[in-house]
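So you can see what is in the structure, the chains are spelled out below.
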Number of protein chains: 2
Amino acid sequence: MSEQRPGVELLWGEPKRPSRGPRPGLSLDLIVGEAIAIADAEGVGGVTMPALARRLGAGTMSLYRYVPGKDDLISLMIETATGDAPDLDVAAGWRPAITAWAHATRTILLAHPWMLDVVTSPRVMGPRELGWLEAGLEALAALPLAPMPRFDLTLLVNGYVRGVALEQVHGEEVARQGPFFTPELLTEHGRAADFPRLMEVMETFPFTEAPSAGEDARFAFGLERLLDGIETHLGDTTV
Amino acid sequence: MSEQRPGVELLWGEPKRPSRGPRPGLSLDLIVGEAIAIADAEGVGGVTMPALARRLGAGTMSLYRYVPGKDDLISLMIETATGDAPDLDVAAGWRPAITAWAHATRTILLAHPWMLDVVTSPRVMGPRELGWLEAGLEALAALPLAPMPRFDLTLLVNGYVRGVALEQVHGEEVARQGPFFTPELLTEHGRAADFPRLMEVMETFPFTEAPSAGEDARFAFGLERLLDGIETHLGDTTV
DNA sequence: CCCTACTGCGTATGAGATACGCAGTGAAGC
DNA sequence: GCTTCACTGCGTATCTCATACGCAGTAGGG
């Protein structure tokens, strides 16, 4: 009906099997899987058509027999790495359900940190990714809310998850490459006095290693606070 | 002391003025300002050395007399666009202070949406950006917390702000380029039955325009919830 | 058995980042 | 005032990528 970009078919259409001609030497799954492997290891920056083809033992241009372009490849990577939405036990109540959903989302994002880099741009969402959204809505289905406010809440929680995951991944990356700021830096430039609170923190905890020990706890803590707040609000207004 | 990348000096060092040679035809401020203008208008993707030089009426390679490389340019763009941290009225209490901080952060991010695309990668933070972190810590200074938990809370709120801003910018982008999914798409592919909750939402609110009307409210709402939760938690444990 | 829908992929184009080096410029020092 | 050389602008060249095009080989359908 609409003049959809060709990639939409790859995400939503049936996998078509040609009858004529030579048997394809690669497959979409193979390509996308390898691309994800590269991204997991080196970040999206490492996913280039030549590099990907090399790993697959194919010529660069061969990839274009399977994928219309790199953007579509990225879409497929997201769709695949996202995986199926979790089965939530909605019967147990909205709060455990959305909590499980949030944790599951976080797990995916941390397993494939590059997703945080690419989900930014507007893109076609595939069935799997939409499935997660559906699951989030389902988790909140029991709440006495109109569809749109419920959608808002889902995005709110999703935004929280993404934001904190981004913060963590960023922090880990930074720790890997050396601290992004140190007391020395501030002192050298005579700016230490401008950042007393920060100095205090740095004295307590030098950013020389990833603070991932406490990341899970921080995430869970913040999520609980957010849900507490939502619960309170719902209770207040009985909306 | 450390073998810092040359760009660190640009962010933290004094602007040095050479005495010999011809007067520079451009300036760092000019270049960075123009780069920000491009990014605001077209996104970071539009910021290329040739394009930037063209706008400045200079040769491409001339830019490298002012900036070591593109990465450093991006760092400078962030530092400049970030602006100075707001003066917070800490005396009024931690909650108004951190609320103002969160809103100010959000305002910056929405004014320069490209920042959401680039803050991902680990990079050197400049004094201005650090100033924001300092301000966030200062806002929470009155809370009976150790430095590190206070730092955690600051990052938590920051993560929330970023996440929701990302969600919003993404949504607006999508609205500009056409809806990323429609009831038709689902129906065409016979998948409508798999997404009942989503269909319900789409019937209520077709994603044909940016839902920005309610974005501010949603953000403020979520923030209040998060702070409610924090407040409750602090009250509970009196930590 | 041959036609043609396919496949693999070499080659070419064009964008973009950036190294290198040349030629001009003007304050410092004689 | 003249020379020197720390600087400047920037043309040219190289390298990496994404991707269009087209050729040559392959194999199921008729």
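About the thresholds
- Residues numbered from 1 in each chain as written.
- Chains lettered and ligands numbered in written order.
- Predicted model: local features only at pLDDT ≥ 70, side-chain atom pairs only at ≥ 80, totals over all residues.
- Heavy atoms only, no water.
- Helix = DSSP H or I, 4+ residues; strand = E, 2+ residues; numbered from the N terminus.
- Buried < 20%, exposed > 50% of the residue type's maximum accessible area, 1.4 Å probe, protein only.
- Contact = heavy atoms within 4.5 Å.
- Areas by Shrake-Rupley, 256 points an atom, 1.4 Å probe, with all protein chains shown as cover.
- Polar contact = N/O pair within 3.5 Å; in protein donor to acceptor, adjacent residues only side chain to side chain.
- Axes fitted to C-alpha atoms, helices over the stretch in contact; angles between N-to-C directions.
- Parallel < 35°, antiparallel > 145°, perpendicular 65-115°, else oblique.
- Nonpolar A, V, L, I, M, F, W, Y, C, P; charged D, E, K, R; others polar.
- Core = buried A, V, L, I, M, F, W, Y, C linked by side-chain atoms within 4.5 Å.
- Near = heavy atom within 4 Å.
- Salt bridge = Lys/Arg side-chain N within 4 Å of Asp/Glu carboxyl O.
- Phe/Tyr/Trp six-rings, centres within 6.5 Å; stacked < 30°, edge-to-face > 60°.
- Least-squares fit on C-alpha atoms with pLDDT ≥ 70 in both.
- Left-handed = near helix turned anticlockwise from the far one by under 90°.
- Patch = residues over 30% accessible without salt bridge, like charges linked within 9 Å, V, L, I, M, F, W, Y side chains within 5 Å.
- Lys, Arg positive; Asp, Glu negative; His and termini not counted.
- Charge placed at Lys NZ, Arg CZ, Asp CG, Glu CD.

Caption draft 1: Highlighting the overall build of chain A. Across its full length, chain A carries 11 helices and 0 strands. Burial statistics for chain A: of 239 residues in total, 50% are counted as buried. In chain A, 73% of the contacts between residues at least 6 apart in sequence involve partners at least 24 apart. In the structure as shown, chain A presents an accessible area of about 11300 Å², 54% of it carried by carbon and sulfur atoms.

Caption draft 2: Up close: helix α3 (residues 49-56) of chain B. Residue and element names in this part refer to chain B. By the burial criterion, the buried members of α3 are Met49, Ala51, Leu52, Ala53 and Leu56. Those residues of α3 that are buried are in contact with α2 (28-42) and α4 (70-82). Two or three places before Ala51, at the start of α3, stands the capping residue Thr48, its side-chain oxygen 3.1 Å from that residue's backbone nitrogen.

Caption draft 3: Fine view of the packing of helix α10 (residues 196-204) of chain A against helix α7 (residues 127-139) of chain B. α7(B) packs onto α10(A) with a crossing angle of 85 degrees between their chain directions and a minimal axis gap of 8 Å. By the angle between their directions, the pair α10(A) and α7(B) is classed as roughly perpendicular. On the side of α10(A), the interface is formed by A:Pro196, A:Arg197, A:Leu198 and A:Val201, while α7(B) contributes B:Leu130, B:Leu133, B:Glu134, B:Leu137 and B:Glu138. Classifying every residue of the contact of α10(A) with α7(B) gives 6 nonpolar, no polar and 3 charged.

Caption draft 4: Highlighting the nonpolar core. Ranked by size, the top nonpolar core spans 142 residues in total, and within it A:Leu73, A:Met77, A:Trp114, B:Leu73, B:Met77 and B:Trp114 carry the most contacts. Non-local contacts of B:Met77, meaning those with residues more than four positions away in its chain, are made with B:Val32, B:Ala35, B:Ile36, B:Ala39, B:Val47 and B:Trp114.

Caption draft 5: Geometry of the protein's contact with DNA strand D. By nearness alone, 25 residues border DNA strand D, and A:Met49, A:Lys70, B:Gly25, B:Arg65 and B:Tyr66 come closest of all. Near-protein atoms of DNA strand D (within 4 Å) split between backbone and bases, with sugar and phosphate holding 52%. When grouped by side-chain class, the residues that make up the surface near DNA strand D number 11 nonpolar, 9 polar and 5 charged.

Caption draft 6: Quick look at the interface of chain A and chain B. Listed by partner, the interface residues are 67 residues for chain A and 67 residues for chain B. Inspection of the region where chain A meets chain B yields 6 salt bridges. Two residues, A:Glu200 and B:Arg150, come together in a salt bridge whose shortest N-O distance is 3.5 Å. Between chain A and chain B we count 14 residue pairs in polar contact (both at pLDDT 80 or more) in total. Looking at the side of chain A that touches chain B, the elements with two or more residues in it are α1 (6-12), α7 (127-139), α8 (147-177), α9 (183-188), α10 and α11 (215-237) of chain A. With 20 residues, α8(A) is the single largest residue contributor to the side of chain A that touches chain B.

Caption draft 7: Here's a closer look at the packing of aromatic side chains. Residues and elements named next belong to chain B. With the rule as written, the count across this model stands at 4 aromatic pairs over all chains. Their ring planes at 20 degrees and their centres at 5.7 Å tell us that Tyr160 and Phe219 sit as a pair that is stacked. With a gap of 59 residues between them, Tyr160 in helix α8 (residues 147-177) and Phe219 in helix α11 (residues 215-237) connect regions that are remote in the sequence. Residue Tyr160 shares its accessibility class with Phe219, and that shared class is buried.

Caption draft 8: A look at the relation of the copies chain A and chain B. With an RMSD of 0.1 Å, the operation that places chain A on chain B is a rotation of 180 degrees combined with a shift of 0.0 Å along the axis. Considering both components of the superposition, the chain copies are consistent with a two-fold axis. Interface overlap between copies: 100% of the residues of chain A at the interface are likewise at the interface in chain B, consistent with a symmetric, same-surface contact.

Caption draft 9: Local environment of the packing of helix α2 (residues 28-42) of chain A against helix α3 (residues 49-56) of chain A. Residues and elements named next belong to chain A. Here α2 crosses α3 at 115 degrees, and the two axes come no closer than 10 Å. By the angle class used here, α2 and α3 are roughly perpendicular. The chirality of how α2 crosses α3 is right-handed. Facing Leu30, Ile31, Glu34, Ala35, Ile38 and Glu42 of α2, the residues of α3 in contact are Leu52, Arg55 and Leu56.

Caption draft 10: Representation of the environment of B:Met125 in the model. You can see B:Met125 is positioned in the loop between α6 (115-118) and α7. As a C-alpha pair, B:Met125 and B:Glu42 span 83 residues in sequence and 24 Å in three-dimensional space.

Caption draft 11: Inspection of the pattern of salt bridges at higher detail. Residue and element names in this part refer to chain A. Scanning the entire structure with this criterion turns up 26 salt bridges over all chains. For the salt bridge of Arg55 with Glu42, the shortest nitrogen-to-oxygen distance reads 2.9 Å. Of this pair, Arg55 sits in helix α3 while Glu42 sits in helix α2, and the two are 13 residues apart along the sequence. Here the salt bridges do not stand alone but share partners, grouping Arg95, Glu224, Arg225, Asp228 and Glu231 into one network.

Caption draft 12: Representation of the protein's contact with DNA strand C. If you check the shell around DNA strand C, you find 25 residues, and the closest are A:Gly25, A:Arg65, A:Tyr66, B:Met49 and B:Lys70. Counting only atoms of DNA strand C within 4 Å of the protein, the sugar-phosphate share comes to 53%. A:Gly59 places a polar main-chain atom, nitrogen or oxygen, 3.0 Å from a phosphate oxygen of DNA strand C. Across the surface near DNA strand C, the residue classes break down as 11 nonpolar, 9 polar and 5 charged.

Caption draft 13: Structural context of the environment of B:Gln168. All names here are of chain B. Within the secondary structure, Gln168 is located in helix α8. Gln168 gets classed as buried once you look at its relative accessible area, which sits at 6%. For the pair Gln168 and Pro86, spaced 82 residues apart in the sequence, the C-alpha separation amounts to 23 Å.

Caption draft 14: Up close: a negative patch on the surface. Residues A:Glu9, A:Glu14, B:Glu184 and B:Glu188 make up a contiguous surface patch of negative charge. A:Glu14 gets classed as exposed once you look at its relative accessible area, which sits at 68%.

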